[in-house]
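Each chain, written out:
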Amino acid sequence: MFKIKLIILFIFIFIFIFNNFVYAQATEKNDKQKIVLENDFLVLINNDFDEKNINKNVAEFNLLATYLNKQNKRTRRSEYKKIITNILATEGYFLPEIKFQRNAENKKLNIIVSLNKPSKINSINIEFQNENGIYLNKNSAKYQELIKDIPLQLNSIFKQTDWDNTKQLILNKLLQKEYYQAHLENSLADVDSENNSVNIYLFYKTGYSYRFGDLKITGLYRYNDELVNKYNQKIIQKNDIYNIRRINRFQNKLQNSPYFSSARISLDIQNSKSINNIEKNNNTDDENFAKDNIKIADVIVNIREKPAHNLSFGIGYSTNTGARLDNRYQTANFLNEALSLETNISLEQKRQTILADMFFSPTKKRHQHGIGMIAEHSDIEGLNIKRYAIGWQNIIQRKHLETRWSLTFLKENYTTSTTKFLDLERNTKALVSNVQWTWRNVDNRLNPTSGEVLRLQIGLASKAFLSDANFVRLHLKGMHFYSFNQNNIFTFTYEFGKTISFEKKDDRNDQNYSNNKIPQDYLFRTGGTGSIRGYDYQSIGIKSGSATLGAKNLALTSMQFLHWFDKQWGSVVFIDAGNAWDDNANNTEKNIAVGYGVGARWKSPAGPLGLDIAYGERSKKLQFHFALNIPF
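Now for a description of the structure that goes with this document. Note that the structure is predicted; figures quoted are calculated from it, not measured.

**So, the nonpolar core**
Here is step 1 of the chain: Of all hydrophobic cores here, the largest spans 26 residues; its most connected members are Phe250, Leu254, Tyr259, Phe260, Leu267 and Val301.
Here is step 2 of the chain: Put simply, the parts of the chain that give this core at least two residues each are β8 (209-218), α6 (225-232), α7 (244-255), β9 (260-267) and β11 (294-305).
Here is step 3 of the chain: When residues no more than four places from it in sequence are discounted, the contact partners of Leu254 are Val228, Tyr231, Phe260, Ala263, Ile265, Val301 and Ile303.
Here is step 4 of the chain: In terms of nonpolar packing, the next biggest core, distinct from the first, is built from 22 residues, Phe94, Leu146, Leu152 and Val198 among them.

In structure tokens, the structure reads:
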């Protein structure tokens with residue numbers, strides 16, 4: 001065992017070294033020119049690099065290196081001087097002294113740059129003028145809010161990035177709320193190179209202050225305006241202050257619906273009207289600035305509907321369930337009643353599924369009701385299951401939180417062969433009421449680098465309502481993403497489950513398995529891609545001969561480090577650990593299953609595609625895992 005762990009550790013170290021080697025090779029260029037920094041001087045030396053003296057002005061060194069290394073031997077001294085002068089000016093160094101010396105020994109050119117003191121910001125003057133030529137009072141709360149948190153500050157070193165970001169930040173604040181036509185009229189950074197100071201001046205024209213008018217919907221063919229208004233749900237209300245975030249929120253809701261492929265929302269500026277009531281929805285404490293400067297504009301919602309019918313076919317493969325054929329049909333206007341219908345036939349080697357879901361359009365209270373049915377057959381780890389279910393659900397989406405209430409009636413038949421007991425066959429049924437909360441706050445749904453996804457489920461079944469057993473099922477799953485930088489991401493995953501049964505052991509066949517009356521769908525098995533790598537899919541649970549049955553308890557955790565080499569390819573190292581066990585399990589059955597290994601990632605349009613190789617300590621073998629790696 002120690003040797004295997006040593007090999008895994010060696011692989012981790014090798015990948016880390018290889019990553020850095022590839023990165024270094026990718027950034028190195030032939031015949032590149034090297035830069036050495038000595039005290040307050042930057043020295044450019046062709047093909048001789050001495051890193052020991054790089055101890056001051058590191059940012060300037062790196063900046064010069066980026067641009068000068070792109071030059072060739074034919075670059076003239078005047079061009080070098082121009083390049084260096086322009087680059088250093090972006091960091092606040094103006095009029096540097098640049099000398100050229102020929103090395104007598106190796107006859108290579110040294111460029112010595114003497115840096116003056118960096119120029120600091122001496123004054124900042126920012127002005128805002130409305131459509132009527134009135135200037136915003138600098139003592140007003142609105143003015144202070146607009147200039148809050150700008151990168152440029154008094155007595156700070158003038159830098160080009162801060163200058164650009166300041167201009168854009170203030171403009172964004174104006175455009176995002178209230179001032180639809182705002183623009184930067186004039187900007188000036190007045191440099192006093194003798195005194196090493198810079199005076200800043202920015203002049204913005206805000207234009208009119210806009211309010212939302214009526215919704216004007218265009219582009220509808222099969223649907224009516226009422227359907228679009230259901231997705232608005234008071235996001236945009238008449239007379240409210242124009243806000244780009246509200247527009248984006250409304251637009252995203254429309255585009256994520258099953259009815260519309262695109263939505264473009266804008267203000268009808270051409271037909272806007274002036275209003276004199278500044279008391280309502282006045283967004284500034286400077287009444288003189290707001291007076292006679294408010295307009296109301298209708299909101300134009302240009303819609304493009306999705307095709308009435310969509311039929312697709314697909315093929316795929318996963319190490320969990322094998323090769324897959326898919327046939328999917330979708331329509332958002334079933335029976336010409338704006339009912340969203342989706343059917344899917346999925347044929348996998350280990351599982352075959354037929355399902356149909358139908359959703360109604362959202363209600364005014366943001367509820368979306370749906371009904372569905374499923375028929376499924378699976379043969380995984382010696383457990384052959386046939387299940388049929390029909391159910392209702394109600395989905396409520398509020399920003400990052402999705403709440404899903406459901407009621408499902410399920411009938412299940414499962415059999416096992418080659419069991420140490422008699423051949424086990426059970427028919428079970430349950431009517432389960434379930435509530436599920438999903439918190440999703442990630443920067444990218446398909447390829448997250450930061451944020452978290454959490455899901456909590458609580459299910460309840462009773463003999464008094466069409467169920468063979470009384471039980472409660474609890475299930476919690478979470479994924480947390482931490483980004484050290486753009487290319488290095490750490491993921492922490494955990495999952496816990498508990499089925500609380502109020503039944504005694506079934507005395508007919510299996511004296512040790514107490515879950516005979518609970519459908520397997522409400523018990524827990526684990527192992528494979530997405531859970532504990534290094535083990536077969538759903539191979540960890542209650543052993544009954546060669547079969548693996550569902551258990552009442554589940555606990556697992558996973559830690560993974562991902563490094564992207566470039567925009568498409570990356571590698572991971574990981575360790576997974578967990579188990580699924582029953583309440584009466586012995587110490588051996590409660591032992592934690594551990595798997596660890598390495599893998600490769602490729603960014604596909606549907607999300608990161610992963611190929612992992614993992615060693616399972618309990619299984620004593622290596623396993624390959626291949627699947628799409630996206631959050632649940």
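Let's pick the thread back up.
**Focus on the pattern of salt bridges**
Here is step 1 of the chain: In total, this model carries 19 salt bridges according to the counting rule given.
Here is step 2 of the chain: A salt bridge links Arg246 to Asp240; its shortest N-O distance comes to 2.8 Å.
Here is step 3 of the chain: Residue class for Arg246 comes out partly exposed when judged on its relative accessible area of 32%.
Here is step 4 of the chain: In this structure, the salt-bridge partner of Asp326 is Arg324, at a minimum N-O distance of 3.0 Å.
Here is step 5 of the chain: Judged by its relative accessible area of 25%, Arg324 falls in the partly exposed class.
Here is step 6 of the chain: Beyond isolated ion pairs, a larger network of salt bridges with shared partners links Arg533, Asp576, Arg601 and Asp612.

**A few points about the sheet that holds strand β6 (residues 183-192)**
Here is step 1 of the chain: Judged by pairing direction, the sheet is mixed, and its three strands sit side by side in the order β5-β7-β6 without closing on themselves. The open sheet has two edge strands, β5 (120-130) and β6, and neither has a second partner. Going from strand to strand, the sheet's axes swing by 10 degrees on average, the running direction of each strand aside.
Here is step 2 of the chain: Bridge count for β6 against strand β7 (residues 197-207) is nine bridges, and the pairing is antiparallel. From the neighbouring strand, Asp192 faces β7, where its bridge partner is Ser197.
Here is step 3 of the chain: Across the sheet, helix α5 (residues 160-176) is in contact with β5, β6 and β7; its angle to β7 comes to roughly 20 degrees.

Cut-offs used in this document
Note on numbering: residues in each chain are counted from 1, in written sequence order. Whole-chain, interface and lining totals are the exception, using all residues; otherwise, since this is a predicted model, local features are given only for residues with pLDDT of at least 70 and side-chain atom pairs are given and counted only at 80 or more. As a rule here, side-chain values cover all heavy atoms of the structure and leave hydrogens and water aside. We call a set of buried residues a nonpolar core when its members are Ala, Val, Leu, Ile, Met, Phe, Trp, Tyr or Cys and they connect through side-chain atoms within 4.5 Å of each other. Each residue is assigned to one of three classes by its accessible area relative to the maximum for its type, calculated with a 1.4 Å probe on protein chains only: buried under 20%, partly exposed between the two thresholds, exposed over 50%. Only runs of H or I of at least four residues qualify as helices and only runs of E of at least two qualify as strands under DSSP, and these elements are numbered from the N terminus. Pairs of residues are marked as contacts when any of their non-hydrogen atoms sit within 4.5 Å. Salt bridge, as applied in this entry: a Lys or Arg side-chain nitrogen positioned within 4 Å of an Asp or Glu carboxyl oxygen. The rule for pairing is simple: two strands pair if DSSP sees at least two bridges between them. Lines fitted to C-alpha atoms define the axes, with helix axes restricted to the stretch in contact, and inter-axis angles between N-to-C directions lie between 0 and 180 degrees.

Function cannot be read off these values alone, since they describe shape.
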